[in-house]
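# Summary of the model geometry
Residue-level listing of the chains:
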Amino acid sequence: MDSAGVTSWSGEGLSSAYSVHHSLVDATSAVELQALASRQSFDMRPDSVDAQPAHELYIFRDGVTALAELHAKMKPMLARFTSLANQRMPVCQSASTHCRPCTSLIRRYRPGERRAHYEHIDGHAAVTVVVSLSPQALYTGGLFVSNLSSRILLPLQRGDAVMHASDLFHGVDVRSGERWSWVVWYRTCSRCTLEGSTSWYRQRAEVRSLESSRRSIVKPPQHAPSVTESLVLYDP
């Protein structure tokens, strides 16, 4: 059963919604995607959030295909994501062109590589979809959402997905094991540019202002969260 949640900032009058979609990608396809990706060379350039090596693989970026085989494999699943986003996400429903997938990439978190991706917003995307390609049993920690003073861990099985708008603070904190994920960024434009995207891009600027005022209180959590509950609240 799918579920939904909201993060909010006390005293700020702001909130951000997200939804969890179980088995949005079937397990067999998730395994195949990871296997195809594992044969490619991952990008090690500095990540825009923390300047650490990104360990990511772009399938297509700003509408331009980089890996045709993976893109072809993903197309039926992307069509399902896109239909869901345009049905459920207000930012997609209010746009004259609806939302379209503009960038698709796979990220990995392995021992000896990056293990965390601290609080950030996807300011370049109207909507984000994150699909877990790894079963929960192979790692601890994982994707979390945040209000910059506490975090909610979202345990995901292989094929489960989280969908959210650009103003949701989120990140990844892998404590042990190995986690792979597929990320898709949507925009409300016809050519995968920021043209015609002023409403959510302006909202991103407002959230960035909040982030700047609270960034000093954010630090890595000091204890491992439980993964036996569906939603686990833990303080950084």
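Residues numbered from 1 in each chain as written. Predicted model: local features only at pLDDT ≥ 70, side-chain atom pairs only at ≥ 80, totals over all residues. Heavy atoms only, no water.

### Some remarks on the overall build of the chain
From N to C terminus, the chain includes 4 helices and 13 strands. In the chain, buried positions account for 55% of the 236 residues. Of the contacts formed within the chain by residues at least 6 apart in sequence, a portion of 75% connects residues at least 24 apart. For the chain, the accessible area works out to roughly 10600 Å², and carbon and sulfur atoms hold 52% of it. (Helix = DSSP H or I, 4+ residues; strand = E, 2+ residues; numbered from the N terminus. Buried < 20%, exposed > 50% of the residue type's maximum accessible area, 1.4 Å probe, protein only. Contact = heavy atoms within 4.5 Å. Areas by Shrake-Rupley, 256 points an atom, 1.4 Å probe, with all protein chains shown as cover.)

### Focus on the pairing of strand 6 (residues 116-120)
Every other side chain in a regular strand lies on the same face of the sheet, so the side chains alternate between the two faces. For strand 6, a buried count of 4 out of 5 residues is recorded, marking the element as mostly surrounded by other parts of the structure. In this sheet, strand 11 (residues 169-177) lies alongside strand 6 in antiparallel orientation, the contact comprising 3 bridges. Residue His117 lies in a different strand from strand 11, and its bridge partner there is Val172. (Pairing = 2+ DSSP bridges.)

### Quick notes on the pattern of salt bridges
Tallied over the full model, the rule gives 10 salt bridges. For Asp43, the salt bridge is made with Arg45, and the minimal N-O distance between the two is 2.6 Å. Judged by relative accessible area, which is 53%, Arg45 ranks as exposed. In this structure, the salt-bridge partner of Glu56 is Arg107, at a minimum N-O distance of 3.0 Å. Highlighted residues: Glu56 in strand 3 (residues 56-61) and Arg107 in strand 5 (residues 100-109), separated in sequence by 51 residues. With a relative accessible area of 11%, Arg107 lands in the buried category. Salt bridges linked by common partners bring Asp47, Glu56 and Arg107 together as one network. (Salt bridge = Lys/Arg side-chain N within 4 Å of Asp/Glu carboxyl O.)

### Remarks on the nonpolar core
In this structure, Leu70, Phe81, Ile106 and Trp182 are the most contacted members of the largest nonpolar core, which totals 35 residues. Counting residues per element, the ones that place at least two in this core are helix 1 (27-38), strand 3, helix 2 (68-88), helix 3 (90-94), strand 7 (127-132), strand 10 (161-165) and strand 12 (179-187). Broken down by element, the residue count for this core peaks at 7 residues, all from helix 2. The next biggest cluster of nonpolar side chains, apart from the first, holds 19 residues, and it includes Tyr58, Tyr109, Val145 and Val172. (Core = buried A, V, L, I, M, F, W, Y, C linked by side-chain atoms within 4.5 Å.)

### Focus: the environment of Asp122
The topology assignment puts Asp122 in the loop between strand 6 and strand 7. Considering only alpha carbons, one finds Asp122 and His164, 42 residues apart in sequence, at a separation of 9.6 Å. For Asp122, the side chain forms a polar contact with the side chain of Thr128, separated by 2.7 Å. (Polar contact = N/O pair within 3.5 Å; in protein donor to acceptor, adjacent residues only side chain to side chain.)

### Quick look at the confidence of the model for the chain
Per-residue confidence for the chain gives a mean pLDDT of 84; residues scoring 70 or more make up 80%. Contacts from residues 215-236, a stretch scored under 50 in pLDDT, to residues over four places away or in other chains number 54 contacts. (pLDDT = per-residue confidence, 0-100.)

### Regarding the packing of helix 1 against helix 2
Running from N to C, helix 1 and helix 2 point in directions that differ by 160°, and their axes come no closer than 10 Å. Comparing their axes, helix 2 and helix 1 come out roughly antiparallel. Considering only the axes of helix 1 and helix 2, their crossing is left-handed. Here Ser29, Glu32, Leu33, Leu36 and Ala37 of helix 1 come into contact with helix 2, specifically with Glu69, Leu70, Lys73, Met74 and Met77. (Axes fitted to C-alpha atoms, helices over the stretch in contact; angles between N-to-C directions. Parallel < 35°, antiparallel > 145°, perpendicular 65-115°, else oblique. Left-handed = near helix turned anticlockwise from the far one by under 90°.)

### Overview of the side chain of Thr7
Position of Thr7 among the secondary structure elements: in strand 1 (residues 3-9). Look at Thr7 and you get buried, because its relative accessible area is 5%. Setting aside residues up to four positions removed in sequence, Thr7 forms contacts with Leu14, Ser15, Ser16, Tyr18, Val145, Ser146 and Leu168.

### Focus: the state of the cysteines
As used here, a disulfide is simply a covalent bond connecting the sulfur atoms of two cysteines. Under the defined criterion, the tally for this structure stands at 2 disulfides. One disulfide bridge connects Cys92 with Cys99, the sulfur atoms lying 2.1 Å from each other. The chirality of the disulfide connecting Cys92 with Cys99 is left-handed, given an S-S dihedral of about -95°. The exposure classification of Cys92 matches that of Cys99, with both residues buried. Residue Cys102 pairs covalently with Cys192 via a disulfide, S to S 2.2 Å. Every disulfide takes its handedness from the sign of the S-S torsion; for Cys102 and Cys192 that torsion is -90°, giving left-handed. Of this pair, Cys102 sits in strand 5 while Cys192 sits in the loop between strand 12 and helix 4 (198-214), placing them 90 residues apart in sequence. Pair check on accessibility: Cys102 and Cys192 agree, each one buried. Sequential numbering of the bridged cysteines in the chain gives the disulfide pattern 1-2, 3-4. (Disulfide = S-S within 2.5 Å.)

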